[in-house]
Amino acid sequence: MELLNCTSPAMILEHTASVLGCSILDQKLALHLDEHDALQHLRQHFLVPKVKDLPCIDFSCVDEKEECVYLVGNSLGLQPKNVKTYINEELDKWHKMGVHGHFEGSRPWALGDECIVDLMAKVVGAKVEEVALMNALTVNLHLLLLSFYKPTSSRHKILIEAKAFPSDHYAVESQIQLRGQDPQKSMLLMHPREGEETLRMEDIISTIEKEGDSIAVILFSGVQYYTGQLFDMPAITQAGHKKGCFVGFDLAHAVGNAELYLHDWEVDFACWCTYKYMNSGAGSLAGAFIHEKHAKSIQPVLIGWWGHEMKTRFLMDNKLQLSPGINGYRISNPSILLVCALQASLEIFNQTSMKALRKKSVLLTGYLECLIKQCYTKDESDPQKPYVKIITPSNVEERGCQLSLVFSVPIKTVYKELEKRGVAVSKMLISTSCIMSVGEM
């Protein structure tokens, strides 16, 4: 049901509810939106856990035969149905063909990652030769920083969010120490303004303009894991380049969530995991990107066999012919079982587009936001009433599909009540803040 081209999710929902003659809180609205959802068929390609299989369920509160309410795609995505089929195909090939499986079949092990890299490139808005599937996110981040972070006496800082994901923080800190620099001086942490949870874009740009001459690398997340804030990546990239900085992004919470155009934005480098919104399973194969403009000028510091060009790789003459760009960073062949899981997910993404997924995501996230505000806004006249504060930006252009919530009551109580009703969410306890983040499947 196409409605009002340039309106907020709240306006669309209110208009639709009015046409249906119901409240925005009425289940009738939800059923109508499901019925008119152009992407509803994609749900059938995933396995949704049943309530009876989850821990801590109170069966007096919920039907054990029902599917759970899965709102934790920002932590681990659901399993695509074809994962088991594809993995069994490769186990069967191993059983029947042994070593010949390296070059036989629809998914030859020696080329497994290359069989699906084009699908991954579409999701991140890159050319095929700019993307590689390898390792895990933090390993790839280290490999990329080894090449892009070349500190000098005058340009030695890395700009990063103060509350970056721990692995990013540790990676940057250790890379600075590896180069003989002092993290206290070379690690430039970007803090929100006092009393605020998210970073203002004008403050990020201002910091880059002010400190840029001393910044070697800008490393931001695409979507901030804690607040759900979607950063303006093209603006950050442009500002960084104006000051001579390399600009890279950790896209762990952005890939499969937000529209990405890494090539067109001229991002220098990026890396991401694929087990959150990309649904490829815990610890699965990660992705990395280097813009084609660096294909010949930037080279890996650490080199492995899989970085050697395929056409001469198996000559075994130990005369390196390094693949250009990101492909030269591949250390060794990835597990074909991890390739299978990622392939099953990417094929689902290939049935639609990130633009279509994003359109639905904006409305679905806005729907949850409206329900929370309708039911749990702070009531000054009733101080005993529990309330929820959404710290994720309300502007849809500044968020993905995650909402981070702060509760007026102990989060452990809320989490327990949701858990026993078969609702899967992510809980974070950070200092005195109690945050619950909910992300779409």
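Each remark here, short or long, concerns the structure printed above.
Note that the coordinates shown come from a computational prediction; the quantities given were computed from them, not determined experimentally. (Residues numbered from 1 in each chain as written. Predicted model: local features only at pLDDT ≥ 70, side-chain atom pairs only at ≥ 80, totals over all residues. Heavy atoms only, no water.)

(A) Here's a closer look at the overall build of the protein chain. Along the backbone of the protein chain there are 14 helices and 15 strands. If you line up the protein chain on its principal axes, its C-alpha atoms span 75 × 60 × 40 Å. Taking all 441 residues of the protein chain together, 49% fall into the buried category. Counting contacts in the protein chain only where the partners sit at least 6 residues apart, residues at least 24 apart contribute 66% of the total. On the protein chain, roughly 21200 Å² of surface is accessible, and the fraction owed to carbon and sulfur atoms is 53%. (Helix = DSSP H or I, 4+ residues; strand = E, 2+ residues; numbered from the N terminus. Buried < 20%, exposed > 50% of the residue type's maximum accessible area, 1.4 Å probe, protein only. Contact = heavy atoms within 4.5 Å. Areas by Shrake-Rupley, 256 points an atom, 1.4 Å probe, with all protein chains shown as cover.)

(B) Structural detail: the nonpolar core. Counting residues in each nonpolar core, the largest one holds 49 residues, and the members touching the most others are Met-120, Phe-220 and Trp-272. The element best represented in this core is helix H4 (residues 117–124), accounting for six residues. When residues no more than four places from it in sequence are discounted, the contact partners of Met-120 are Val-131, Leu-133, Val-255, Trp-272, Thr-274, Met-278 and Leu-346. Formed by 28 residues, the second largest nonpolar core is a distinct cluster that contains Met-134, Leu-219, Cys-273 and Ile-290. (Core = buried A, V, L, I, M, F, W, Y, C linked by side-chain atoms within 4.5 Å.)

(C) Summary view of the packing of helix H1 (residues 9–20) against helix H13 (residues 354–376). The interhelical angle for the contact between H1 and H13, taken along N-to-C directions, is 80 degrees, at an axis separation of 8 Å. Judged by the angle between their axes, H1 and H13 are roughly perpendicular. In this structure, H1 uses Pro-9, Ala-10, Ile-12 and Leu-13 to contact H13, whose residues at the interface are Val-362, Leu-363, Gly-366, Tyr-367 and Cys-370. In terms of residue class, the contact of H1 with H13 is built from eight nonpolar, one polar and no charged. (Axes fitted to C-alpha atoms, helices over the stretch in contact; angles between N-to-C directions. Parallel < 35°, antiparallel > 145°, perpendicular 65-115°, else oblique. Nonpolar A, V, L, I, M, F, W, Y, C, P; charged D, E, K, R; others polar.)

(D) Structural view of the packing of aromatic side chains. Enumeration according to the criterion identifies 10 aromatic pairs in this entry. Between Trp-305 and Phe-314 the ring centres are 5.1 Å apart and the planes differ by 65 degrees, which places this aromatic pair in the edge-to-face class. Grouped by ring-pair contacts, the aromatic residues Phe-103, Trp-305, Trp-306 and Phe-314 constitute a single cluster. Positioned over the ring face of Tyr-86 is Arg-107, at 4.8 Å from the centre of the ring. When the ring centre of Trp-306 is taken as origin, the NZ or CZ atom of Arg-313, which lies over that ring, is 4.3 Å away. (Phe/Tyr/Trp six-rings, centres within 6.5 Å; stacked < 30°, edge-to-face > 60°. Lys NZ or Arg CZ within 6 Å of the ring centre and 35° of its normal.)

(E) Spatial organisation of the environment of Glu-90. For Glu-90, the position within the fold is in helix H3 (residues 82–97). Sequence separation of Glu-90 and Leu-337 is 247 residues, and the distance between their C-alpha atoms is 7.3 Å. Beyond its immediate sequence surroundings of up to four residues, Glu-90 is in contact with Arg-107, Trp-109, Ile-336, Leu-337 and Cys-340. Only 2.4 Å separates the side chain of Glu-90 from the side chain of Arg-107, close enough to count as a polar contact. (Polar contact = N/O pair within 3.5 Å; in protein donor to acceptor, adjacent residues only side chain to side chain.)

(F) Local environment of the layout of surface pockets. In this structure, the second largest pocket spans a volume of roughly 510 Å³. What lines the second largest pocket is a set of 22 residues, and nearest its centre among them are Leu-230, Arg-358, Val-396, Glu-397 and Glu-398. Taken together, the elements giving at least two residues each to the lining of the second largest pocket come down to helix H9 (233–242) and H13. Take the lining of the second largest pocket: its biggest share by element is four residues, from H13. Residues that form the lining of the second largest pocket fall into these classes: 12 nonpolar, two polar and eight charged. (1 Å grid on protein atoms, 1.4 Å probe; cavity = no way out; pocket = protein on both sides within 12 Å on 5 of 7 lines; lining within 4 Å. Points joined across faces, edges and corners; volume = space filled by probe spheres on them.)

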